[in-house]
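# Secondary and tertiary structure notes
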Amino acid sequence: MPTPRRRASTKTPAQILEQRLENRTARLAVIGLGYVGLPLAVELAQAGFEVVGIDTDEKRVRQLNRGQSYIQDVPTADVTALVRQKRFTATADFSVLDRCDTVNICVPTPLSKQRDPDVSYIVAAATEVAKHLHPGQLVILESTTYPGTTDELVLPMLAESGLAVGKDFFLAFSPERVDPGNTQFNTRNIPKVVGGVTEACTKAAVKLYRQRLDNVVAVSSTQVAEMVKLLENTFRSVNIGLVNELALMCSRLKIDVWEVIRAAATKPFGFMPFYPGPGLGGHCIPIDPFYLSWKARASGFEARFIELAGHVNAHMPDHVVDLVGGALNRLGRSFRRARVLVLGVAYKADIDDVRESPSLDIMEKLRERGARIEYSDPHVPSIRFAGSVMKSVSLTATNVRRFDCVIIATAHRSVDYGAVLRWSKAVVDTRNALAGKRSAKIIRL
Ligand code: SAJ
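Anyway, here's the lowdown on the structure attached to this text. Given the structure is predicted, the values throughout are model-derived calculations rather than measurements.

Time to look at the site of the ligand. Looking at the ligand, there are 17 residues lining it, with Asn-233, Arg-236, Tyr-275, Gly-281 and Tyr-347 nearest. Note that an oxygen atom of the ligand is positioned 2.6 Å from one of the side-chain N or O atoms of Asn-233. If the ligand stood free it would expose 730 Å²; the protein chains cover 85% of that surface. Taken together, the residues of the shell around the ligand sort by class into eight nonpolar, two polar and seven charged.

Following this line, the structure appears as structure tokens:
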């Protein structure tokens with residue numbers, strides 16, 4: 001579609017952008033169409049904007065342009081409708097940025113093999129944005145990262161254009177808070193924190209989000225916005241580490257840690273329950289705190305809570321393996337050639353995501369000890385394990401009876417744990433899925 005010529009204007013770039021956002025004539029771009037970028041692109045398109053999604057994965061681009069969604073929380077019907085209305089298109093071609101007024105960067109920020117921040121995806125995206133940066137453009141980084149990334153890494157790349165931040169273009173950070181599978185909180189109703197390099201940058205970013213999101217919270221800088229997200233997820237990691245350590249203590253003191261937490265949770269203020277488990281999975285909690293501790297260390301500060309919580313959480317798979325060893329011993333078995341079924345490989349209940357799942361750590365440790373491992377997960381039909389494809393075992397009496405020990409590693413709500421207990425010789429329950437059940441076959445975390 002030919003780009004309509006726009007009359008020269010006496011307005012400032014900020015005023016032009018504000019007007020285009022107000023009247024929905026702004027063209028918006030989202031880089032990275034995963035569990036963060038695609039829901040955002042759909043919300044903005046549903047607000048009436050023309051949105052172009054950019055992803056380097058050509059398969060995803062083709063799927064989206066056929067109107068298909070591959071993200072659990074984004075209905076295909078929504079994508080189909082927006083593609084049909086020409087409100088949303090996908091591409092792998094970054095030159096579309098020449099015609100876009102705003103760009104949201106929603107790319108992965110994993111850890112490197114050395115457990116340091118891997119910001120290569122941010123750098124790759126910012127390199128493309130810099131190539132196509134033009135007056136009046138608003139750039140917002142959403143990927144979880146260490147405080148200072150926006151100002152120290154992205155801004156210099158964009159400033160090389162000679163354009164002035166806060167005057168010619170606008171740059172901000174806004175942490176993603178998407179919780180995949182959460183049916184109550186979604187991209188539209190989760191409060192959105194935004195911090196710009198300058199006040200004008202913050203104002204422009206707030207203006208964009210306020211066109212669609214229910215609650216936008218402006219903060220004074222990109223560093224504050226970056227730190228907000230890291231506090232949120234470090235808070236979880238440290239508190240999970242605390243209850244995991246409490247579980248290890250209670251195990252030695254022969255106290256039921258689950259009963260302790262249940263009773264403590266009756267406190268109507270000043271307490272928030274967290275629960276012990278087989279370890280820490282997912283692409284946020286095991287990773288984000290180490291972005292903060294890395295930055296702290298670079299500034300000469302040792303973030304001991306983060307490191308200690310990481311150590312405690314990373315030890316939990318070993319603790320579970322010890323419990324399995326005890327269960328097998330009581331059956332007169334050793335690990336060698338024992339049959340063990342891992343129930344639940346997703347990293348948390350009722351989702352299909354296995355990234356960083358502690359179940360996989362537990363399976364690997366048991367395999368190293370000579371046990372014969374299989375898994376069952378209604379949400380995960382197959383996984384790659386020990387270099388080959390492993391299929392989920394269907395949960396039947398015949399199948400469960402083949403095993404010497406069953407580990408409840410993720411407690412999906414769709415599973416009948418009473419039946420699993422009846423069919424099992426021994427059950428290591430790491431999620432209190434058998435709460436209230438009394439049996440010598442149960443070994444609880
Ligand atoms: N876990 C425990 N005990 C707990 C809570 C979690 O062992 O009490 C384990 C889970 O089994 C999982 C890991 O920790 O393996 C992470 O669980 P999570 O509940 O934190 O779920 P995530 O990783 O999906 O975290 C996301 C985060 N969302 C974003 O980063 C945008 C987090 O900030 C949310 O608070 C969290 O979802 C949520 O509340 O569901």
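Turning next to the sheet that holds strand β4 (residues 102-105). Strand order in this open sheet of eight strands is β3-β2-β1-β4-β5-β6-β7-β8, and the pairing throughout is mixed. Of all strands in the sheet, those with a lone pairing partner are β3 (88-91) and β8 (216-219), marking the two edges. Along the sheet, successive strands turn relative to each other by an average axial angle of 25 degrees, direction set aside. Here four bridges tie strand β5 (residues 138-141) to strand β6 (residues 170-173), and the two strands are oriented parallel to one another. Residue pairing for β6: Ile-140 is matched across the bridge by Ala-172. Across the sheet, helix α7 (residues 199-210) is in contact with β1 (27-31), β4, β5, β6, β7 (192-196) and β8; its angle to β7 comes to roughly 150 degrees.

Turning to helix α3 (residues 58-65), its buried residues are Val-61, Gln-63 and Leu-64. The arc that holds every buried residue of α3, seen down its axis, measures 165 degrees, which confines them to one face. Where the residues of α3 are buried, they touch α2 (37-46), α4 (76-84) and β3. Structurally, the start of α3 carries an N-cap: the backbone nitrogen of Lys-59 is 2.8 Å from a side-chain oxygen of Asp-57. One or two steps after α3, the chain reaches Gly-67, where phi turns positive at roughly 85 degrees.

Moving on to the sheet that holds strand β10 (residues 372-376). Within the open sheet, the five strands sit side by side as β10-β9-β13-β14-β15. Their pairing is parallel. What marks the edges here is a single partner per strand, and that holds for β10 and β15 (442-444). Averaged over all neighbouring strand pairs, the angle between strand axes comes to 20 degrees, with direction disregarded. Where strand β9 (residues 339-343) and β10 come together, five bridges link them in parallel fashion. In the sheet register, Arg-339 faces β10, and the bridge partner there is Arg-372. Its contacts with the sheet place helix α11 (residues 304-330) against β9, β13 (405-408), β14 (427-429) and β15, and it is angled at close to 155 degrees to β13.

Quick look at the nonpolar core now. Counting 85 residues, the largest nonpolar core has Val-51, Phe-88, Val-324, Met-363, Leu-366, Ile-407 and Val-428 as the members making the most contacts within it. The greatest single-element share of this core, amounting to seven residues, is contributed by α11. Split by domain, this core shows at least three residues from each of two domains, domain 1 (13-220) and domain 2 (315-444). The residues contacting Val-428, other than those within four sequence positions of it, are Val-320, Leu-323, Val-324, Ala-327, Cys-405, Val-406, Ile-407, Ile-408 and Ile-443. In this structure, Val-52, Phe-94, Val-96 and Val-129 belong to the second largest nonpolar core, which totals 40 residues.

Close contact between helix α6 (residues 149-159) and helix α8 (residues 222-253) brings their axes to 8 Å; oriented N to C, the two are set at 120 degrees. With respect to each other, α6 and α8 are oriented oblique. Along its contact with α6, which presents Thr-149, Thr-150 and Asp-151, the element α8 presents Thr-222, Gln-223 and Glu-226. Each residue belonging to the contact of α6 with α8 can be placed in one class, and the counts come to no nonpolar, four polar and two charged.

What follows deals with the packing of aromatic side chains. In total, this model carries three aromatic pairs according to the counting rule given. Each ring, one from Phe-235 and one from Phe-274, has its centre 5.6 Å from the other, and the planes form 75 degrees; the classification is edge-to-face. Pair noted here: Phe-235 is in helix α8 and Phe-274 is in the loop between α9 (257-264) and α10 (288-298), with a separation of 39 residues, a long-range link. A residue is classified by how much of its surface remains accessible, and Phe-235, at 36% relative accessible area, is partly exposed. On the basis of relative accessible area, Phe-274 is assigned to the buried category, the value being 7%. Here the aromatic rings of Trp-258 and Tyr-275 are separated by 6.5 Å at their centres, their planes lie at 5 degrees, and the arrangement is stacked. A residue pair is termed long-range when its members are at least 10 positions apart, and Trp-258 in helix α9 and Tyr-275 in the loop between α9 and α10 qualify at 17 residues. Relative accessible area serves as the criterion here: at 45%, Tyr-275 is assigned to the partly exposed category. Over the aromatic face of Phe-335 sits the side chain of Arg-369, whose NZ or CZ is 5.9 Å from the ring centroid.

Criteria and cut-off values
Residues numbered from 1 in each chain as written. Predicted model: local features only at pLDDT ≥ 70, side-chain atom pairs only at ≥ 80, totals over all residues. Heavy atoms only, no water. Near = heavy atom within 4 Å. Polar contact = N/O pair within 3.5 Å; in protein donor to acceptor, adjacent residues only side chain to side chain. Areas by Shrake-Rupley, 256 points an atom, 1.4 Å probe, with all protein chains shown as cover. Nonpolar A, V, L, I, M, F, W, Y, C, P; charged D, E, K, R; others polar. Pairing = 2+ DSSP bridges. Helix = DSSP H or I, 4+ residues; strand = E, 2+ residues; numbered from the N terminus. Axes fitted to C-alpha atoms, helices over the stretch in contact; angles between N-to-C directions. Contact = heavy atoms within 4.5 Å. Buried < 20%, exposed > 50% of the residue type's maximum accessible area, 1.4 Å probe, protein only. Arc of directions from axis to C-beta. Core = buried A, V, L, I, M, F, W, Y, C linked by side-chain atoms within 4.5 Å. Domains from an automatic or database assignment. Parallel < 35°, antiparallel > 145°, perpendicular 65-115°, else oblique. Phe/Tyr/Trp six-rings, centres within 6.5 Å; stacked < 30°, edge-to-face > 60°. Lys NZ or Arg CZ within 6 Å of the ring centre and 35° of its normal.

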